[in-house]
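Listed below, chain by chain, are the residues.
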Number of protein chains: 2
Amino acid sequence: MIKITIIGSGNVAQHLIDAFAKSKAIDIIQVFSRNQKQIISNLDPSKITNDWNALAEADLYIIAVSDDAIANVSSHLTFENRLVVHTSGTAPLTSLDNKNRKGVFYPLQTFTKGKPIDFKTIPFCLETQFEEDYAILEKVAHSISNNIYAIDSHQRKALHVAAVFVNNFTNYLYQLGNEICLENHVSFDILKPLILETAEKLLTLSPQDAQTGPAKRNDISTIEAHESFLSDENQSTIYKILTQSIQNHGKKL
Amino acid sequence: MIKITIIGSGNVAQHLIDAFAKSKAIDIIQVFSRNQKQIISNLDPSKITNDWNALAEADLYIIAVSDDAIANVSSHLTFENRLVVHTSGTAPLTSLDNKNRKGVFYPLQTFTKGKPIDFKTIPFCLETQFEEDYAILEKVAHSISNNIYAIDSHQRKALHVAAVFVNNFTNYLYQLGNEICLENHVSFDILKPLILETAEKLLTLSPQDAQTGPAKRNDISTIEAHESFLSDENQSTIYKILTQSIQNHGKKL
């Protein structure tokens with residue numbers, strides 16, 4: 001069994017603990033948490049520590065903390081030359097302290113507190129400073145997921161920006177859709193099957209081929225009707241910018 | 001059995017024909033199509049006509065054509081005082097000719113040629129000129145779907161605008177995400193589980209509660225890193241506008 005220590009008690013840490021706990025290939029030997037009460041997983045409480053000096057020898061240390069805490073946390077480790085990875089999509093490999101062998105173990109997914117997730121489908125983006133360490137990280141990732149990718153720091157940055165578009169920005173468009181429904185006394189539930197189908201379409205079509213709507217087909221009268229319907233300035237600005245961008249994009253291709 | 005005639009042979013018409021063909025409560029007595037070859041469904045060819053005078057008496061005529069053809073098509077009908085509906089999200093009830101009883105039968109979903117869809121989950125937005133006709137339309141919709149809503153023309157307009165945000169604009173963000181992946185030699189497949197989870201999250205959380213990301217948490221250093229990463233002007237403009245909008249939205253709430 002591969003011995004793992006997880007440092008952190010946030011959303012990602014919690015989900016990783018739950019996933020590894022079910023894996024027969026992995027032994028979570030310790031979890032470091034400043035606040036013991038935060039660990040809600042079914043974990044033996046004796047494995048939880050908030051003392052840097054109490055960290056036992058593990059094959060892998062996974063730092064699952066916020067980006068700006070990674071450097072500080074990794075500098076607190078009292079040992080050397082062990083495999084230490086972070087789980088961030090944006091932090092470079094260099095944010096980890098030089099005294100240990102570095103790596104990245106980035107699960108590209110959105111984690112919601114309390115909502116279980118099927119780890120098998122989560123893509124893990126792996127990077128290590130030394131080639132020999134890649135095999136360990138790969139084994140660990142494979143114990144919980146079927147989607148493993150070797151991704152360097154530049155590619156990871158690109159993925160993270162792209163993820164902002166397809167996750168954060170997309171969810172914001174859902175918010176605006178919800179707002180328009182509320183303002184006009186219709187249930188947002190009516191849009192949910194459409195939202196799901198829009199996402200599921202990508203399993204069979206490229207987003208280029210899936211693009212439809214008034215902007216794409218340059219349907220000026222519908223666009224004008226929509227623009228005059230939207231009285232909220234923010235909604236109206238976003239509508240215009242995205243419509244124009246889709247229209248120009250069509251010309252560019 | 002309720003006798004239905006479908007006028008049109010596009011995407012929506014095809015999907016409706018397939019769905020009604022499986023329903024025991026509905027009898028498709030005819031399909032009007034200018035181009036007989038376009039009807040790909042397993043329909044008895046003798047039921048297909050392109051002659052306005054050949055249309056037999058039905059309980060319901062569903063005009064499933066493009067928005068700007070509705071008025072013209074409905075004026076071609078040679079009978080009077082029968083129930084005639086269109087399937088558009090934007091066209092008003094008044095786009096139908098006055099000589100028949102009007103209604104709207106709007107399935108709020110995105111239809112892809114050749115991709116089968118589960119009609120049971122599709123929301124049908126119904127409207128009729130006369131109350132007595134609503135019951136017929138409701139029965140027809142219920143024969144293929146479990147999601148029926150009485151939606152007036154104003155609400156339908158709002159839904160259609162909101163659908164542009166959550167479907168067309170969202171798919172465009174998928175396109176930009178795909179573009180960023182291509183430019184940086186990473187597979188867009190890595191983002192697909194995230195895209196699906198972002199949509200599925202809405203089944204348990206409101207979009208407000210589901211919002212995450214650098215803009216939401218006002219993480220200026222990540223936003224600046226993303227902005228300097230994006231060299232494409234279009235991607236960069238969209239990134240900035242949506243980021244600012246999320247930030248301002250947070251203040252407004």
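Within every chain, residues take consecutive numbers counted from 1 along the sequence as written. Each chain is given a letter, starting from A, and each ligand a number, starting from 1, according to the order in which they appear as written. Note on the predicted model: pLDDT of at least 70 is required for a residue's local features to be given, and 80 or more for side-chain atom pairs to be given and counted; whole-chain, interface and lining totals, by contrast, use all residues.

So, the overall build of chain A
Numbering of helices and strands runs from the N terminus; a helix is a DSSP stretch of H or I covering at least four residues, while a strand is a stretch of E covering at least two. The secondary structure content of chain A amounts to eight helices and eight strands. C-alpha atoms of chain A, sized along the principal axes, occupy 70 × 40 × 30 Å. Within the span of chain A, comprising 253 residues, buried residues form 47% of the whole. A sequence separation of at least 24 residues applies to 52% of the contacts in chain A between residues at least 6 apart. Counting other C-beta atoms within 10 Å of a residue's own tells you its class, since 20 or more makes it buried, 12 or fewer makes it exposed, and anything in between is partly exposed; those C-beta atoms are placed from the backbone. With C-beta atoms placed from the backbone, a contact is any residue pair whose C-beta atoms sit within 7 Å.

Structural notes on the interface of chain B and chain A
With 75 residues of chain B at the contact, the number on the chain A side is 75 residues. Those elements that place two or more of their residues in the side of chain B that touches chain A are helix H4 (153–183), helix H5 (192–200), helix H6 (207–210), helix H7 (220–229) and helix H8 (233–252) of chain B. No other element matches H4(B), which puts 25 residues into the side of chain B that touches chain A.

Brief notes about the pairing of strand S6 (residues 101–107) of chain B
Residue and element names in this part refer to chain B. The element S6 is extensively covered by neighbouring structure, given that six of its seven residues are classed as buried. Across five bridges, the pairing between S6 and strand S7 (residues 123–128) is antiparallel. Within S7, the residue paired with Phe 105 across the bridge is Leu 126. DSSP-based pairing: two strands are paired if at least 2 bridges between them are found.

What to know about the relation of the copies chain B and chain A
For the least-squares superposition of copies, only C-alpha atoms count, and only for residues with pLDDT at least 70 in both. Of the transformation superimposing chain B on chain A, the axial component is 0.0 Å and the angular component is 180 degrees, with the fit at an RMSD of 0.0 Å. The transformation just described matches what one would write down for a two-fold rotation axis. Relative to the rotation axis, the C-alpha of B:Thr170 is the closest in chain B, positioned 2.7 Å from it. When you check the interface residues of chain B against chain A, 100% turn up at the interface there too, and the contact is symmetric in its surfaces.

A look at the domain arrangement of chain A
All names here are of chain A. Taken domain by domain, chain A comprises domain 1 (2–151) and domain 2 (157–252). The C-alpha centroid of domain 2 is placed 36 Å from the C-alpha centroid of domain 1. Here the side of domain 1 that touches domain 2 is built from residues that sort into three nonpolar, three polar and no charged. Note that domain bounds follow an automatic or database assignment of domains. When residue character is reported, Ala, Val, Leu, Ile, Met, Phe, Trp, Tyr, Cys and Pro are called nonpolar, Asp, Glu, Lys and Arg charged, and the others, Gly included, polar.

Focus: unusual backbone geometry
If you check the backbone angles, A:Asn81 has positive phi at about 55 degrees while not being a glycine. As for its placement among the helices and strands, A:Asn81 is situated in the loop between helix H2 (70–76) and strand S5 (83–86). A:Asn81 sits in the exposed class, given 8 other C-beta atoms within 10 Å. Residues other than glycine seldom take positive phi values, yet B:His185 does so here, at roughly 55 degrees. Checked against the element boundaries, B:His185 lands in the loop between H4 and H5. Judged by the 10 C-beta atoms lying within 10 Å of it, B:His185 is exposed.

Examining the sheet that holds strand S1 (residues 2–7) of chain A
Residue and element names in this part refer to chain A. Ordered by their spatial adjacency, eight strands build an open sheet running S3-S2-S1-S4-S5-S6-S7-S8, and the pairing between neighbours is mixed. Strands at the two margins of the open sheet, each flanked by one partner only, are strand S3 (48–49) and strand S8 (147–150). When strand S7 (residues 123–128) meets S8, the two strands line up parallel, connected through four bridges. Each bridged residue has a counterpart across the sheet, and for Cys 125 the counterpart in S8 is Tyr 149.

Side note on helix H5 (residues 192–200) of chain A
For H5(A), a buried count of seven out of nine residues is recorded, marking the element as mostly surrounded by other parts of the structure. Taken together, the buried positions of H5(A) are A:Lys192, A:Pro193, A:Leu194, A:Ile195, A:Glu197, A:Thr198 and A:Ala199. Those residues of H5(A) that are buried are in contact with helix H4 (153–183) of chain A together with S7, H4 and H5 of chain B.

Quick word on the sheet that holds S6(B)
Residues and elements named next belong to chain B. If you walk across this open sheet you meet the eight strands as S3-S2-S1-S4-S5-S6-S7-S8, and the pairing is mixed. With one partner strand each, in any of the chains shown, strand S3 (48–49) and strand S8 (147–150) form the two edges of the open sheet. Pairing geometry for strand S1 (residues 2–7) and strand S2 (residues 26–32), over six bridges, is parallel. Each bridged residue has a counterpart across the sheet, and for Lys 3 the counterpart in S2 is Asp 27. Convention adopted: a line fitted to C-alpha atoms gives each axis, helices being fitted over their contacting stretch, and angles between N-to-C directions are expressed from 0 to 180 degrees. Sheet strands in contact with helix H1 (residues 11–21) are S1, S2 and strand S4 (60–63), and its direction is about 150 degrees off that of S2.

Some details on the confidence of the model for chain A
Here chain A averages 94 in pLDDT, while 97% of its residues score no lower than 70. Predicted complex, confidence summary: ipTM 0.91, pTM 0.91. A residue's pLDDT is simply how confident the predictor is in it, with values from 0 to 100.

Remarks on the nonpolar core
Counting residues in hydrophobic clusters, the biggest one holds 144 residues, and the most contacted among them are A:Ile62 and B:Ile62. Apart from residues lying up to four places away in sequence, B:Ile62 is in contact with B:Ile4, B:Ile6, B:Ile7, B:Leu16, B:Val85, B:Thr87 and B:Phe105. We define a nonpolar core as a collection of buried residues of the types Ala, Val, Leu, Ile, Met, Phe, Trp, Tyr and Cys that are connected via C-beta atoms lying within 7 Å of each other.

Side note on the pairing of S7(A)
Residues and elements named next belong to chain A. Burial within S7 is extensive, with six of its six residues counted as buried. Across the two faces of S7 the burial is the same, with Pro 123, Cys 125 and Glu 127 and Phe 124, Leu 126 and Thr 128 all buried. For crossovers, right-handed means that the path from the first strand over the helix to the second runs clockwise, given strands pointing away from the viewer. As for the winding sense of the linkage, the β-α-β connection from S7 through helix H3 (residues 131–142) to S8 is right-handed.

Thoughts on the environment of B:Thr222
Residues and elements named next belong to chain B. Mapped onto the secondary structure, Thr 222 falls in helix H7. For Thr 222, a count of 22 C-beta atoms within 10 Å puts it in the buried group. A C-alpha to C-alpha distance of 22 Å links Thr 222 and Leu 182, two positions 40 residues apart in sequence.

Some words on the environment of B:Asp97
Residue and element names in this part refer to chain B. Inspection of the secondary structure assignment puts Asp 97 in the loop between strand S5 (83–86) and S6. Assessed through the 17 C-beta atoms surrounding it within 10 Å, Asp 97 is described here as partly exposed. The spatial distance from the C-alpha of Asp 97 to the C-alpha of Ala 71 is 6.4 Å, given a sequence separation of 26 residues.

What about the packing of H4(A) against H5(B)?
For any two helices packed against each other, the geometry comes down to the angle between their axes and how far apart the axes lie. Closest axis-to-axis distance for the H4(A)/H5(B) pair is 10 Å, and the angle between their directions is 5 degrees. As the angle between them shows, H4(A) and H5(B) are arranged roughly parallel. Across the interface between the two elements, A:Ala163, A:Val166, A:Asn167, A:Thr170 and A:Asn171 from H4(A) touch B:Leu194, B:Ile195 and B:Thr198 from H5(B). The residue inventory of the contact of H4(A) with H5(B), partitioned by class, reads four nonpolar, four polar and no charged. Each angle gets one of four labels, with under 35 degrees taken as roughly parallel, over 145 as roughly antiparallel, 65 to 115 as roughly perpendicular, and the rest as oblique.

Regarding helix H1 (residues 11–21) of chain A
Residue and element names in this part refer to chain A. Counting buried residues along H1, eight of its eleven residues qualify, which places the element largely inside the surrounding structure. Regarding H1, the residues found buried are Val 12, Ala 13, Gln 14, His 15, Leu 16, Ile 17, Ala 19 and Phe 20. Looking at the packing, one finds that the buried side of H1 touches S1, strand S2 (26–32), strand S4 (60–63) and strand S6 (101–107).

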